[in-house]
Amino acid sequence: MSLQAIQSLDAQPYWDGLAETGADGAPAGRLLVQRCRSCGKHRHYPRPLCPACHSFKVDWVPPSGVGQVHSWTTVHRSALPAYAGREPFTLLTVDLPEGVRLMGRLVDAPEGLAPGRPVRVAVERGPDGVPQPVFHWA
Amino acid sequence: MSRLSSGSAASPLRGVAAITGVGETAYGRGPAERSSLALQLEAALAAVRDAGVDPRDIDGVIPSAAGTCIAEDLVENFGIRDLRFSATVPMGGASPVAALQTAQAVIAAGICRHVLLVLGRDGRAGNIGSRLRQTPQFRVVAEFETPLGAFAPVELYAPMARRHMLTYGTTSEDLAHIAVAMRHHASTHPNAVMRKPITVADHQASRMIAEPFRLLDCSLESHGAAAVLVSARDAARDGAKPPVPLLACAEGHPDSPSSITQRPDLTRLGLAKCAQRAFDLAGVGRADIDVAAIYDCFTWVVLCQLEDLGFCAKGEGGAFVRDGALQVGGRLPTNTHGGLLSQAHMAGMNHIVELTRQLRGEAANQVAGARVGLVTGYGDMGDGALAILGHA
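Analysis parameters
- Residues numbered from 1 in each chain as written.
- Chains lettered and ligands numbered in written order.
- Predicted model: local features only at pLDDT ≥ 70, side-chain atom pairs only at ≥ 80, totals over all residues.
- Heavy atoms only, no water.
- Helix = DSSP H or I, 4+ residues; strand = E, 2+ residues; numbered from the N terminus.
- Rg over C-alpha atoms; globule rule 2.2 N^0.38 Å.
- Pairing = 2+ DSSP bridges.
- Contact = heavy atoms within 4.5 Å.
- Axes fitted to C-alpha atoms, helices over the stretch in contact; angles between N-to-C directions.
- Salt bridge = Lys/Arg side-chain N within 4 Å of Asp/Glu carboxyl O.
- Buried < 20%, exposed > 50% of the residue type's maximum accessible area, 1.4 Å probe, protein only.
- Phe/Tyr/Trp six-rings, centres within 6.5 Å; stacked < 30°, edge-to-face > 60°.
- Lys NZ or Arg CZ within 6 Å of the ring centre and 35° of its normal.
- Buried area = accessible area lost by both parts, 1.4 Å probe.
- Polar contact = N/O pair within 3.5 Å; in protein donor to acceptor, adjacent residues only side chain to side chain.
- Nonpolar A, V, L, I, M, F, W, Y, C, P; charged D, E, K, R; others polar.
- 1 Å grid on protein atoms, 1.4 Å probe; cavity = no way out; pocket = protein on both sides within 12 Å on 5 of 7 lines; lining within 4 Å.
- Points joined across faces, edges and corners; volume = space filled by probe spheres on them.

(A) Representation of the overall build of chain A within the structure. Scanning chain A from N- to C-terminus turns up one helix and eight strands. The helix and strand sequence of chain A, counted from the amino end, reads α-β-β-β-β-β-β-β-β. Over its C-alpha atoms chain A spans a radius of gyration of 16 Å, differing by no more than 12% from the 14 Å that the globule rule assigns to 138 residues. In terms of overall dimensions, chain A has C-alpha extents of about 45 × 35 × 35 Å along its principal axes.

Structure, rendered in structure tokens:
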């Protein structure tokens with residue numbers, strides 16, 4: 001089955017950040033997460049309201065970019081057409097120092113995968129052609 | 001004669017409602033020959049007749065949120081004269097047990113006397129990932145995680161199990177004992193789909209789907225339907241079968257309910273929030289539970305719920321499930337019908353059916369003298385529900 005990408009209005013800056021290009025038109029996507037303009041708390045995935053102070057005011061900011069492995073799964077058979085034939089692949093759950101987590105594929109070889117190991121987030125074109133956050137060993 | 005302390009501050013809702021009827025179709029794999037609606041009407045009619053109630057006298061319905069059998073269908077097919085309440089509970093696999101709480105509340109409020117819960121599927125709706133993608137509860141996952149390669153529940157839930165293993169030393173072999181126990185029960189149940197016994201070694205040899213989950217950690221895709229009738233205490237007295245009182249019902253929603261990734265503690269489900277509440281409302285303790293039906297879409301989900309229910313401490317679920325603990329004769333007979341892992345995936349409506357039969361003393365794998373039991377639900381990204389039933 002083919003899946004239509006979903007890009008919601010409330011998350012448009014997230015998708016726009018991933019899709020940014022440089023002056024030469026080359027991909028230059030950035031990962032952006034929400035930071036409350038009123039209380040400074042980061043949140044992810046995107047949503048309209050800050051759950052800490054209930055402000056709608058928000059900035060979209062790039063996180064520091066280096067996090068630590070919290071958990072993972074290695075997918076051996078995917079029902080997603082874009083991923084079929086690319087198995088096995090490893091999806092990391094990563095703690096960022098900003099207090100939010102990211103999910104993304106580990107694009108480097110998984111040897112040495114362990115909790116707490118540092119990883120660096122990058123934005124690369126996904127199998128569906130849309131830029132997405134992925135991880136390299138830091 | 002109650003074995004239990006009478007001094008507890010039990011809920012005024014305790015015993016206000018009871019399960020008076022249960023019904024199921026035959027379960028199978030692959031596409032059914034009949035429509036999802038026809039299957040659900042068969043199960044619903046069986047439940048109502050099991051209770052000895054005239055189908056036209058049903059005055060409340062809580063059909064599955066999937067929308068394949070809606071309140072209007074029940075009115076038109078049963079000839080219901082005066083439907084006073086209808087709702088759906090959108091908590092995935094926690095919905096049937098959470099709907100017991102809804103039914104109890106509606107009955108306690110005096111709105112209804114007979115509330116019918118029904119759920120079923122015809123096996124033709126496509127794979128589970130694409131089905132769930134249509135539901136609002138999967139909206140966040142569909143937008144942000146599916147493009148990354150996480151689509152089916154097995155992929156979304158696996159990081160919880162991995163984190164549990166990393167934190168507490170839980171092993172794949174621990175999970176195997178859960179799969180073996182469910183299959184053991186299914187092997188002697190006449191309406192179970194998977195009846196060939198398996199061993200821990202079979203589990204360990206089954207192929208990886210999404211690590212740490214192997215094939216035999218995963219529940220079935222199946223077709224069929226199940227239904228439960230909940231009635232007011234006074235309306236239950238004249239039933240065909242002895243009513244099974246609802247001692248307590250509760251639902252619990254996890255932190256970060258749309259995203260497992262963002263949940264502070266990946267090893268704590270919504271059930272953890274409502275478990276003590278339900279035991280307090282029921283006025284019973286863990287040691288009073290004679291038989292359990294625990295939602296088992298994946299083996300690890302059973303293990304985590306045993307901890308969240310308080311049958312063992314967080315992290316000790318792996319040790320708890322070994323040595324046949326979950327089998328009839330063990331310390332907590334669980335899913336005596338084979339569960340979602342080996343009977344059929346009826347989103348836990350079949351768990352309520354089975355627990356009712358146990359507490360009536362008419363189960364295929366009867367736990368001798370079972371008086372009090374519990375049933376849990378688990379759904380979507382970790383929603384939980386718990387009902388404690390029986391005679392205490």
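(B) Region of the structure containing the sheet that holds strand E3 (residues 85-86) of chain B. Residues and elements named next belong to chain B. The sheet built from nine strands is open, its strands ordered E3-E2-E4-E7-E1-E8-E11-E10-E9 with mixed pairing. What marks the edges here is a single partner per strand, and that holds for E3 and strand E9 (291-293). Inspection of the sheet shows strand E1 (residues 17-24) paired to strand E7 (residues 224-232) by seven bridges, in the antiparallel sense. The residue bridging Ala18 from the neighbouring strand is Ser231, located in E7. Lying on the sheet, helix H3 (residues 95-108) is in contact with E1, strand E2 (60-63), E3, strand E4 (114-121), E7, strand E8 (244-252), strand E10 (372-379) and strand E11 (383-390); it crosses E8 at an angle near 115 degrees.

(C) Region of the structure containing the pattern of salt bridges. All names here are of chain B. Under the defined criterion, the tally for this structure stands at 21 salt bridges over all chains. The partner of Asp50 in a salt bridge is Arg360, with the nearest N and O atoms 2.8 Å apart. Of the two residues, Asp50 is situated in helix H1 (residues 36-50) and Arg360 in helix H14 (residues 349-360); the sequence distance between them amounts to 310 residues. Residue class for Asp50 comes out buried when judged on its relative accessible area of 13%. Among the charged side chains, a network of salt bridges with common partners joins Asp50, Lys241, Arg360 and Glu362.

(D) Broad picture of the packing of aromatic side chains. Counted according to the given criterion, the structure contains nine aromatic pairs over all chains. Aromatic pair B:Tyr157 and B:Phe298: ring centres 5.6 Å apart, planes at 90 degrees, arrangement edge-to-face. In this pair, B:Tyr157 sits in helix H6 (residues 153-168) while B:Phe298 sits in the loop between E9 and helix H11 (299-309), placing the two residues 141 residues apart along the sequence. In terms of burial, B:Tyr157 and B:Phe298 fall into one category: buried. In this structure an aromatic cluster arises from ring pairing among B:Tyr157, B:Phe213, B:Tyr295, B:Phe298 and B:Tyr378. In this structure, A:Arg117 packs its charged tip against the face of A:Trp137, placed 3.5 Å from the ring centre. One cation-aromatic arrangement involves B:Arg286 over B:Phe279; the distance from NZ or CZ to the ring centre is 3.9 Å.

(E) Seen up close, the sheet that holds strand E3 (residues 58-61) of chain A. Residues and elements named next belong to chain A. The strand order E2-E1-E3 describes an open sheet built from three strands, whose pairing is antiparallel. The open sheet has two edge strands with one neighbour each: strand E2 (42-43) and E3. As paired strands, strand E1 (residues 33-36) and E3 are joined by four bridges and run antiparallel to one another. Considered in E3, the bridge of Cys36 is made with Val58.

(F) How the structure looks around the interface of chain B and chain A. At the interface, 32 residues of chain B touch 37 residues of chain A. Across the interface of chain B and chain A, roughly 3000 Å² is buried in total on both sides, 59% from carbon and sulfur atoms. The three residues of chain B that bury the most area against chain A are B:Glu143, B:Phe144 and B:Leu148, which together make up 23% of that side's buried surface. Between chain B and chain A we count zero salt bridges in total. Our count for the contact surface shared by chain B and chain A stands at 18 residue pairs in polar contact (both at pLDDT 80 or more). For the side of chain B that touches chain A, the secondary structure elements donating two or more residues are helix H5 (139-145), H6 and strand E5 (208-210) of chain B. A per-element tally of the side of chain B that touches chain A places H6(B) first, with six residues. In the side of chain B that touches chain A, the residues fall into 16 nonpolar, seven polar and nine charged.

(G) Inspection of the layout of surface pockets at higher detail. Here the second largest pocket is characterised by a volume of approximately 570 Å³. A:His44, A:Tyr45, A:Arg47, B:Ser256 and B:Gln262 are, among the 29 residues lining the second largest pocket, the residues nearest its centre. Elements that contribute at least two residues to the lining of the second largest pocket include exactly E2 of chain A together with H5 of chain B.

(H) Summary view of the side chain of A:His44. Among the secondary structure elements, A:His44 is positioned in the loop between E2 and E3. Setting aside residues up to four positions removed in sequence, A:His44 forms contacts with A:Tyr14, A:Val33, A:Val100, A:Arg101, A:Leu102 and B:Gln262.

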